[in-house]
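Here's the letter readout for the chains.
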Amino acid sequence: MEILACRRPVLVSILKNRKLIKRCNTYSHTQQRSISNIMLRRMDRNPIFKINNPQLSRHFAMMRVLSSVLKLRYLVIGSAVGGGVSVSKKYQEWKDSLPDLSWLDDIFPNNNVANTIQTSLKSIMDTMQDIDFDSSKSNEKLGKLKVWLDSHIDQAFKAAEITESDDQSKIVEDISPIVTKAATPDSKDYKQKLEMSQQELIEIQLKYQKELEKLEKENKELRKILLLAKNHKMNMRKVKKSLIDMYSELLDELNDYDSNYQTQDHLPRVIVIGDQSSGKTSVLEMIAQARIFPRGAGEMMTRAPVKVTLSEGPYHVAQFKDSAREFDLTKESELAELRKEVEVRMKNTVSRGNSVSNEVISMTVRGPGLQRMVLVDLPGIISSVTQGMAPDTRECIRQMTTAHMSNPNAIILCVQDGSVDAERSNVTDLVSQIDPQGRRTILVLTKVDLAEKNMANADRVNKILSGSLFPMKALGYFAVITGKGSQNDSIDSIKEYEEKFFRNSKLFRDSIGISSQLTTRNLSMAVSDCFWKMVRETVEQQADSFKATRYNLETEWKNNFPRYLELDRDELFEKARGEVLNEVVNLSLVSVKDWEEKLNAELWNGISHYIIENVYLPAGYSVNQTNSTASFNTMVDIKLKQWAEEQLPRKSINIGWVVLKDMFKTMFEENQNQKLQASDEILETLKTAVIDEALTRHSWEDKALEMLRVIQLNTLEDRCIKDKHNWDQAAQFLTSTLEHNLKVTDDLLKEMAGPSNYEKWFYWQSSTAEQTKRNNIKYELENLLRSNPNHSNLLSKDEQITISNNLKQKNGTPYELDDIWQTWYLVYRRHYFKTALENAQNIKKQFYHYQETNGVQNEYYDIEMFWRITRMIKVTANVLRQQITNRELRRLHKELKEVLDEYSQNNEIKCKLLTGRRVTLVEELNKVKQIQEKLEDFIQALNKEK
């Protein structure tokens, strides 16, 4: 109760000091310690904490002790639980580190079996105790055997000591009688038994081989079924590429990246080389199990490297790298087509004037049971150049062969004709130079059936197979038969003939241990094993090499082109495509006013010469000739109608097309100048070429021609000017036209007559004799016109003679009538334009008079004509503008797309228009990245297969 009684004051004190308590919790340990002392002093001074009741003090002390004990309980329990978990974890780690001895259960018997064995042993021991064993006889026999062995061993050691310096063959001769005598009593019986054992061994090998072939055929069928089942399951999914297909694609990428076969490409492949007609192509066909190459009687058929990728598949088919067609190798008709296609491709790769080519033809052969590998068939080595070959054919073949063999990881399949003397071989010396240690060379001896028939010393074949005849070294030596003498023999029949020959051949039957070196089947398995071994050993190095190449290229890019994205030719082309098509969109944003102003100006520039020379001047000259203004309107109507029906519509469309072209080019150039800093200068050549090609192809729609003809005819027929604005426009147009033509005529006349007196005095110019002569004629003609201002444009014969006589009297030299007439043409032309310009200036302000007379008076004929021309130009410009914006821009956009699509498919054009180190560096970098990714994928798949 006393505790409860003091509860309220204690709570009040705590609430008063809560800020101090909270502040203490936020301070550091040292600060808290100092604050604790302050708290104690405050608590001592606080009357609430001064409790005088000793019983109450004891209660508080007991509570503090009890609280400390409870805290200690949690510490003890937590430590115990944590220690138990740690001990359990350590025990589990120690248990996992112990070796797995579960395999002993398979070796040692269980308890029941052990008890049974123990019982059996006890019963045996009990039985053995009852047997009486005579040890004296056995000891006597063992003693005799020991004496016999000691005597024969001593004789052998003595013979070895005596003939220590002799050849090994003599030692064998000394010891062999002893051994033979000890072994058998009769040497003839021994030879017979030896021959019988050899024959039995050969029969066993052949029997074993037959069983293997039988199992292989069954395995092929089973694999075919499995592959078909897999394909059936995966027909809705992306089929995963096989390991050999991935490797073949990698070699194709490397060949495209390094077409000259430089040191970048060190990946393994099997290089098939040999003398011409040595049978190397037939060896490759036997490995591929199909007659896939064209054949000739002694002539060179292989003219380019052929890369053949062998892979497993449910069907026996062949396919070229760049073609989707699959040739069924089980059908003779498709085999013939395949051979024809190979021959055509070889001829296409050979350039004019050459006999061989370095361009690789890639093909894949799939089939059940084929050994996976990549082989490259090269042209055969020749000794001399025959008629029809290029002079450097021999050297080209040797250089090509050397380049392929120089790959340090290439497996050299050296094919040697076994039916000819080994000394006549050209290829063995070449191989010995490239691979002197024979670490990656396999020698294949072909036509051994002919060798056995023709050779006087048939044992030479065995010496070749043992590696003791040729100076070259090799990993292995093989003897095969690839034909029976006819080009039409099938692969199965050749294989049967090969097996039968090696089974019955005395040459190979007498040689024990070379059975694994016979038949193309053993050859293909050995080559495949060697190929994959080399691949596993070298592919990592090639991947590291390309990593270093990629790093170097990326460093070059960062240093030279830091502000640009890594865009290759195709990506740059797509960027240019977007910019070009955007130009057409910008062209559609041109205002109506700009279009019509441009069209008006170009239309007048296009038709002004015809209007002045063929319509206005002839009609005006007719007025002076007939003294009737009606003839002017008559002639203008006739000429304008004829012109509008025949020439004007086509001329207008051509002008519209020129305006469209000029506007497009002008806007393109202006946009390029405005975006010069942000634009990519490498694209300018491509964009200009695309635009020029599209504009060249573009043509105006013909259906607009007839509509334009009708509109122009109707416009030209109306010559009534209805308002002052139109009158002013026509007057201004007439005045500016006359002023322009007057200036042009003055310039021509000045050029003809020479400088004036003013120019002669102040600009020190002088006239030529011809110009002086023309100037005199001009002076006389001007006098004539001043005397008769209404003179017609025709100068009569009498007037010409009169002027000529006057000039002769003044200057003393005769003047030609032609010179007078030519000068008259320009003088009268200037006189007419001056007169017409004065009339135009006078009628500029006479619209209301014209309106009052309703245009009946004929003195306004020239302004009416130019009003008709002005209105026709406006209407034509409006029609052309609508045609451009509604139809021609869309057609131009379509034509630009067509040109871009064509260029995108033409690599030659892209390489020509997109050039520079920036482009080539990106393409090279992308190629290296692609090859590196394929290498990494292949290495990952290869490690999974391991």
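- As recorded by an unreviewed UniProt entry, the protein chain carries the name Dynamin-like GTPase OPA1, mitochondrial and is attributed to Aphis gossypii.
- UniProt, in its Catalytic activity (unreviewed entry) section for the protein chain, records the words "GTP + H2O = GDP + phosphate + H(+)".

1. Examining the sheet that holds strand β6 (residues 373–377)
Alright, step 1. Here we have nine strands laid out as an open sheet, ordered β4-β3-β5-β2-β6-β1-β7-β8-β9, and mixed in their pairing. The sheet is open, and its two edges are formed by β4 (327–328) and β9 (476–479), each paired on a single side.
Alright, step 2. In this structure, strand β1 (residues 270–274) lies alongside β6, joined through three bridges in parallel fashion. Bridge pairing in β6 links V272 to D377.
Alright, step 3. Lying over the sheet, helix α12 (residues 280–288) contacts β1, β2 (306–311), β5 (361–366), β6, β7 (411–417) and β8 (441–446), oriented at roughly 155 degrees with respect to β6.

2. Here we look at the pairing of strand β3 (residues 317–320)
Alright, step 1. Going residue by residue along β3, you find V317 and Q319 tucked away on one face and A318 and F320 tucked away on the opposite face as well.
Alright, step 2. Hairpin connection of β3 to β4: six residues between the antiparallel strands.
Alright, step 3. With four bridges joining them, β3 and β5 adopt antiparallel strand pairing. Within the sheet, the bridge partner assigned to V317 lies in β5 and is R366.

3. Brief notes about the side chain of K280
Alright, step 1. Structurally, K280 is set in helix α12.
Alright, step 2. Once residues within four sequence positions are removed from consideration, K280 is found in contact with V272, I273, G274, T302, D377, L378, P379, G380 and V415.

4. A word on helix α18 (residues 491–504)
Alright, step 1. Given a rise of 1.5 Å per residue, 14 residues ought to cover 20 Å, and the 20 Å separating the end C-alpha atoms of α18 matches this to within 8%.
Alright, step 2. I491, S493, I494, E498, E499, F501 and F502 are the residues of α18 that are buried.

5. Topic: the nonpolar core
Alright, step 1. Membership of the largest hydrophobic core comes to 102 residues, with the highest contact counts inside it found for L587, Y616 and L896.
Alright, step 2. When residues in this core are grouped by element, the largest group, 18 residues, is from helix α33 (residues 861–905).
Alright, step 3. What Y616 contacts, discounting residues up to four positions off in sequence, is I611, F632, L734, L738, Y832, F833, A836, D862, M865 and F866.

6. Considering the packing of helix α21 (residues 569–588) against α33
Two quantities define a packed helix pair, namely the angle between the helix axes and the distance between the axes.
Alright, step 1. Where α21 contacts α33, the two axes come as close as 10 Å, and the packing angle between them is 170 degrees. Considering the angle they form, α21 stands roughly antiparallel to α33. Only L889, H893, L896, K897, L900, D901, Y903 and S904 of α33 make contact with α21, whose side of the interface consists of F573, R577, V580, L581, V584, L587 and S588.
Alright, step 2. The residue makeup of the contact of α21 with α33, split by class, is nine nonpolar, three polar and three charged.

7. Quick notes on the packing of helix α25 (residues 684–697) against α33
Alright, step 1. The interhelical angle for the contact between α25 and α33, taken along N-to-C directions, is 125 degrees, at an axis separation of 9 Å. Taken as axis vectors, α25 and α33 run oblique relative to one another. As α25 runs across α33, the sense of the crossing is right-handed. Where α25 approaches α33, its residues L686, A689, V690, I691, E693, A694, L695 and R697 are matched on the opposing element by L892, E895, L896, V899, L900, E902 and Y903.

8. Digging into a nonpolar patch on the surface
Alright, step 1. A cluster of nonpolar side chains, contributed by Y758, W761, F762 and Y763, occupies part of the molecular surface with about 610 Å² of accessible area.
Alright, step 2. Among the secondary structure elements, Y763 is positioned in the loop between α28 (757–762) and α29 (769–787).

9. Some details on unusual backbone geometry
Alright, step 1. In the Ramachandran plot, Q289 falls in the positive-phi region, its phi being about 60 degrees despite a non-glycine side chain.
Alright, step 2. By the secondary structure assignment, Q289 is in the loop between α12 and β2.
Alright, step 3. The phi dihedral of T519 falls on the positive side, at around 75 degrees, and the residue is not glycine.
Alright, step 4. Within the secondary structure, T519 is located in the loop between α19 (506–509) and α20 (520–560).
Alright, step 5. Using a relative accessible area of 7% as the deciding quantity, one classes T519 as buried.

10. A word on the environment of T715
Alright, step 1. As for its placement among the helices and strands, T715 is situated in helix α26 (residues 703–717).
Alright, step 2. Sequence separation between T715 and T876 is 161 residues; the distance between their C-alpha atoms is 9.4 Å.

11. Considerations on the confidence of the model for the protein chain
Alright, step 1. Put simply, the protein chain has an average pLDDT of 76, and 69% of its residues get 70 or more.
Alright, step 2. Looking across the protein chain, the model is least confident in helix α9 (residues 168–183), with a mean pLDDT of 40, and most confident in helix α27 (residues 724–753), with 91.
Alright, step 3. Counting interchain partners and residues more than four positions distant, the pLDDT-below-50 stretch residues 47–52 has 10 contacts.
Alright, step 4. In this model, residues 160–186 is a region of pLDDT below 50 whose contacts with residues beyond four sequence positions or in other chains number six contacts.

12. Focus: the pattern of salt bridges
Alright, step 1. Within this structure, the stated rule accounts for 37 salt bridges.
Alright, step 2. A salt bridge links D322 to R345, with the shortest nitrogen-to-oxygen separation between them at 3.0 Å. Here D322, found in the loop between β3 and β4, pairs with R345, found in helix α13 (residues 332–349); they are 23 residues apart in sequence, far enough to count as distant.
Alright, step 3. Note on D322: relative accessible area 60%, which makes it exposed.
Alright, step 4. The exposure class assigned to R345 is buried, which follows from its relative accessible area of 18%.
Alright, step 5. Three or more residues joined by partner-sharing salt bridges are found here, namely E770, K773, R774 and D819.

13. Re the pairing of β6
The two faces of the sheet receive side chains in turn, since in a regular strand these alternate between them.
Alright, step 1. Within β6, five of the five residues are buried, leaving the element largely enclosed by the surrounding structure.
Alright, step 2. Because side chains alternate across β6, one face comprises the buried residues M373, L375 and D377, and the other comprises V374 and V376, equally buried.
Alright, step 3. Note: β2 against β6, five bridges, orientation antiparallel. Counterpart to V308 in the pairing with β6 is L375.

14. What to know about the environment of L338
Alright, step 1. Structurally, L338 is set in helix α13.
Alright, step 2. Judged by its relative accessible area of 0%, L338 is buried.
Alright, step 3. Remark: the alpha-carbon pair of L338 and Q319, spanning 19 residues in sequence, is separated by 9.0 Å.
Alright, step 4. The residues touching L338, leaving out its near neighbours within four places in the chain, are I292, A318, F320, F327, L329 and M363.

15. Here we look at the packing of aromatic side chains
One pair of aromatic rings is described through two measures. These are the centre distance and the angle between the planes.
Alright, step 1. Under the criterion given, the structure shown has 19 aromatic pairs.
Alright, step 2. Between the aromatic rings of Y610 and W643, the centroid separation amounts to 5.0 Å while the plane-to-plane angle is 20 degrees, which identifies the pairing as stacked. Taken together, the residues span a long stretch of sequence, with Y610 in helix α22 (residues 592–626) and W643 in helix α23 (residues 630–646) at a distance of 33 residues.
Alright, step 3. Relative to Y832, the ring of Y616 lies with its centre 6.0 Å away and its plane at 65 degrees, an arrangement referred to as edge-to-face. On the criterion of sequence distance, the pair formed by Y616 in helix α22 and Y832 in helix α31 (residues 817–843) is long-range, its members being 216 residues apart.
Alright, step 4. Since its relative accessible area comes to 1%, Y616 is described here as buried.
Alright, step 5. Overall, the relative accessible area of 8% leaves Y832 in the buried class.
Alright, step 6. Counting every residue linked through ring pairs, the aromatic cluster contains W604, Y616, Y621, F632, F733, W824, Y828, Y832, F833, Y861 and F866.
Alright, step 7. Cation over ring: R345 sits above F320, and NZ or CZ is 4.1 Å from the ring centre.
Alright, step 8. In this arrangement the basic side chain of R918 is found over the ring face of Y564, its NZ or CZ atom lying 4.0 Å from the centre.

What counts, and where the lines are drawn
Residues numbered from 1 in each chain as written. Predicted model: local features only at pLDDT ≥ 70, side-chain atom pairs only at ≥ 80, totals over all residues. Heavy atoms only, no water. UniProt positions renumbered as here; feature names shortened; annotations may be inferred. Pairing = 2+ DSSP bridges. Helix = DSSP H or I, 4+ residues; strand = E, 2+ residues; numbered from the N terminus. Contact = heavy atoms within 4.5 Å. Axes fitted to C-alpha atoms, helices over the stretch in contact; angles between N-to-C directions. Buried < 20%, exposed > 50% of the residue type's maximum accessible area, 1.4 Å probe, protein only. Expected span 1.5 Å × (residues − 1). Core = buried A, V, L, I, M, F, W, Y, C linked by side-chain atoms within 4.5 Å. Parallel < 35°, antiparallel > 145°, perpendicular 65-115°, else oblique. Nonpolar A, V, L, I, M, F, W, Y, C, P; charged D, E, K, R; others polar. Left-handed = near helix turned anticlockwise from the far one by under 90°. Patch = residues over 30% accessible without salt bridge, like charges linked within 9 Å, V, L, I, M, F, W, Y side chains within 5 Å. Areas by Shrake-Rupley, 256 points an atom, 1.4 Å probe, with all protein chains shown as cover. Salt bridge = Lys/Arg side-chain N within 4 Å of Asp/Glu carboxyl O. pLDDT = per-residue confidence, 0-100. Phe/Tyr/Trp six-rings, centres within 6.5 Å; stacked < 30°, edge-to-face > 60°. Lys NZ or Arg CZ within 6 Å of the ring centre and 35° of its normal.

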